[in-house]
Amino acid sequence: MEIPLEVKIDSPDYEVDMKAGLESLLGTSDTIRTISESILKKRVVKSQYSGSPVRTNMKKTFKGSYGMFFSIFIEPEKQPEFKEIGRQAFLELITYFMHDALNLVPDVKLGKKAQQVLSLMGEDAEELTSILRGKSNGLRTMHEISVKFGYPISVSYKKSNGERFVLIKLDRSTEKNFKATIGTKNKTIYAAVTRFNSFTGNGRLIQEGEDETVSFGFGLTFKEMAPTLKKVFSTNLNENTGVVESDFKYLKLEVNELKRSDGKIIKFIVKSANTNA
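So, here's what we can say about the structure. Computed from a prediction, not measured in an experiment: that's the story for all the values here.

Observations concerning the overall build of the chain
And step 1. Along the chain, the regular secondary structure elements total nine helices and eleven strands.
And step 2. On C-alpha atoms alone, the chain measures out to a radius of gyration of 19 Å, which is about the 19 Å that the 2.2 N^0.38 rule sets for 277 residues.
And step 3. Overall, the C-alpha framework of the chain stretches about 55 × 40 × 40 Å when taken along its three principal axes.
And step 4. Out of the 277 residues belonging to the chain, those deemed buried represent 47%.
And step 5. Considering only contacts within the chain whose residues lie at least 6 apart along the sequence, 64% involve residues at least 24 apart.
And step 6. As displayed, the chain has an accessible area near 13700 Å², and 48% of this comes from carbon and sulfur atoms.
And step 7. On the chain, the mean spot of the 42 positive side-chain charges and the mean spot of the 35 negative ones are 2 Å from each other.

This is the structure we're talking about:
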């Protein structure tokens, strides 16, 4: 069984530096395989070997920048697990883990089935994210062509109706997320919730008076999140959905900033919330 995917390097011509290009493609393979096998086994897979039930197969290249078709090949022994999860949920989870490792929130929301699989993985899901952030993992190597030559790289799945579902898009900016550090001092902000996944505890918020949304989380596993805390953020999201920004209701939050070396805040780690902002 194969899941067809595409990897594209946005170079100006149908060519790329061979060394950097190959390293990025290898990083893509390692990342996709690590996540895929972990999802199917519902536990962390720390290394791949020739007998692994999941591997990636190179197909032909395509023009329009530099692109290559490839596939996730699943051996018969793991196909029942894949069929039980379903293709859509499987792709949603791959997207989720890659974004979570970069402290980003994907555009796609996890469906019910994907959330069930994440729940079954338990703390292994948190460990997988940690492994993907590691210095020797493929997600860093995927950035090689972006870091050396400035070309963005993306992975996508082409649906039967021709629509493309982009799993991840990486560039020099996302590579800097690996070097982000958490501030030691708490900071008070007033913010409105614009997106929130009560299952994972991740979302996006916008500070009062600002124009851009920022990712947020709680520094906790989803099992440790108190139901009352989830309700505060879910309620605020509902209050701000479908209303103009001038009518937003803001929460008073105590946070730590996750900041890159260039000063950009990529995530707020929420410590406490007060609805009486």
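Digging into the sheet that holds strand E5 (residues 164–170)
And step 1. The five strands are arranged E2-E3-E1-E4-E5 in an open sheet whose pairing can be described as antiparallel. Looking at strand neighbours, the two that pair on one side only are strand E2 (54–63) and E5, the edges of this open sheet. Neighbour-to-neighbour, the strand axes of the sheet open up by a mean angle of 25°, direction not taken into account.
And step 2. Taken together, the eight bridges between E2 and strand E3 (residues 66–74) define a ladder with antiparallel strand orientation. Along E3, the bridge assignment pairs asparagine 57 with serine 71.

Things to note about the layout of surface pockets
And step 1. Of the volumes computed, that of the largest pocket is approximately 670 Å³.
And step 2. Around the largest pocket sit 29 residues that line it, and Leu104, Val105, Arg204, Thr213 and Lys264 are the ones nearest its centre.
And step 3. Breaking the lining of the largest pocket down by element, the ones donating at least two residues are helix H3 (87–101), E5, helix H8 (172–175), strand E8 (202–207), strand E9 (214–217) and strand E11 (265–274).
And step 4. The leading source of residues in the lining of the largest pocket is E5, at four residues.
And step 5. Of the residues belonging to the lining of the largest pocket, the class tally is eleven nonpolar, eight polar and ten charged.

Focus on H3
And step 1. Along its 15 residues, H3 runs 22 Å from first to last C-alpha, staying within 8% of the 21 Å computed at 1.5 Å per residue.
And step 2. Of the residues one or two after H3, asparagine 103 is the one with positive phi, at around 60°.

Things to note about the pattern of salt bridges
And step 1. Scanning the model with the defined rule gives 14 salt bridges in all.
And step 2. The salt bridge partner of lysine 176 is aspartate 262, with a shortest N-O separation of 3.7 Å. Of the two residues, lysine 176 is situated in the loop between H8 and strand E6 (181–182) and aspartate 262 in the loop between strand E10 (251–259) and E11; the sequence distance between them amounts to 86 residues.
And step 3. Of the residues examined, lysine 176 reaches a relative accessible area of 33% and is grouped as partly exposed.
And step 4. A cluster of three or more residues bridged by salt bridges with shared partners is formed by Lys176, Arg260 and Asp262.

Looking at the side chain of lysine 78
And step 1. For lysine 78, the position within the fold is in the loop between E3 and helix H2 (79–85).
And step 2. Residue classification places lysine 78 among the buried positions, given a relative accessible area of 15%.
And step 3. Here lysine 78 is in contact with Leu40, Lys41 and Pro53, once residues within four sequence places are set aside.

Some words on a negative patch on the surface
And step 1. Taken together, the side chains of Glu210, Asp211, Glu212 and Glu245 define an acidic patch exposed on the protein surface.
And step 2. Along the chain, aspartate 211 falls in the loop between E8 and E9.
And step 3. Taking the relative accessible area as the measure of exposure, aspartate 211 reaches 73% and is therefore exposed.

Looking at the packing of aromatic side chains
Centre-to-centre distance and the angle between the planes together describe a pair of aromatic rings.
And step 1. Applying the stated criterion to the full structure yields twelve aromatic pairs.
And step 2. For the pair phenylalanine 82 and phenylalanine 90, a centre-to-centre distance of 5.2 Å together with 80° between the ring planes defines the contact as edge-to-face.
And step 3. Judged by its relative accessible area of 0%, phenylalanine 90 falls in the buried class.
And step 4. With a centroid separation of 5.0 Å and 85° between ring planes, the pair formed by phenylalanine 218 and phenylalanine 233 is classed as edge-to-face. Of this pair, phenylalanine 218 sits in the loop between E9 and helix H9 (227–240) while phenylalanine 233 sits in helix H9, and the two are 15 residues apart along the sequence. Comparing phenylalanine 218 with phenylalanine 233 shows no difference in burial state: the two are buried.
And step 5. Joined through ring pairs, the aromatic side chains of Phe196, Phe216, Phe218 and Phe233 make up one cluster.

So, the environment of isoleucine 145
And step 1. Inspection of the secondary structure assignment puts isoleucine 145 in helix H7 (residues 144–149).
And step 2. A sequence separation of 120 residues divides isoleucine 145 from leucine 25, and the C-alpha atoms of the two residues are 9.2 Å apart.
And step 3. Ignoring sequence-local partners within four residues, the contact set of isoleucine 145 consists of Ile9, Val16, Asp17, Ala20, Gly21, Ser24, Gly150, Tyr151 and Ile153.

Quick notes on the rules
Residues numbered from 1 in each chain as written. Predicted model: local features only at pLDDT ≥ 70, side-chain atom pairs only at ≥ 80, totals over all residues. Heavy atoms only, no water. Helix = DSSP H or I, 4+ residues; strand = E, 2+ residues; numbered from the N terminus. Rg over C-alpha atoms; globule rule 2.2 N^0.38 Å. Buried < 20%, exposed > 50% of the residue type's maximum accessible area, 1.4 Å probe, protein only. Contact = heavy atoms within 4.5 Å. Areas by Shrake-Rupley, 256 points an atom, 1.4 Å probe, with all protein chains shown as cover. Lys, Arg positive; Asp, Glu negative; His and termini not counted. Charge placed at Lys NZ, Arg CZ, Asp CG, Glu CD. Pairing = 2+ DSSP bridges. Axes fitted to C-alpha atoms, helices over the stretch in contact; angles between N-to-C directions. 1 Å grid on protein atoms, 1.4 Å probe; cavity = no way out; pocket = protein on both sides within 12 Å on 5 of 7 lines; lining within 4 Å. Points joined across faces, edges and corners; volume = space filled by probe spheres on them. Nonpolar A, V, L, I, M, F, W, Y, C, P; charged D, E, K, R; others polar. Expected span 1.5 Å × (residues − 1). Salt bridge = Lys/Arg side-chain N within 4 Å of Asp/Glu carboxyl O. Patch = residues over 30% accessible without salt bridge, like charges linked within 9 Å, V, L, I, M, F, W, Y side chains within 5 Å. Phe/Tyr/Trp six-rings, centres within 6.5 Å; stacked < 30°, edge-to-face > 60°.

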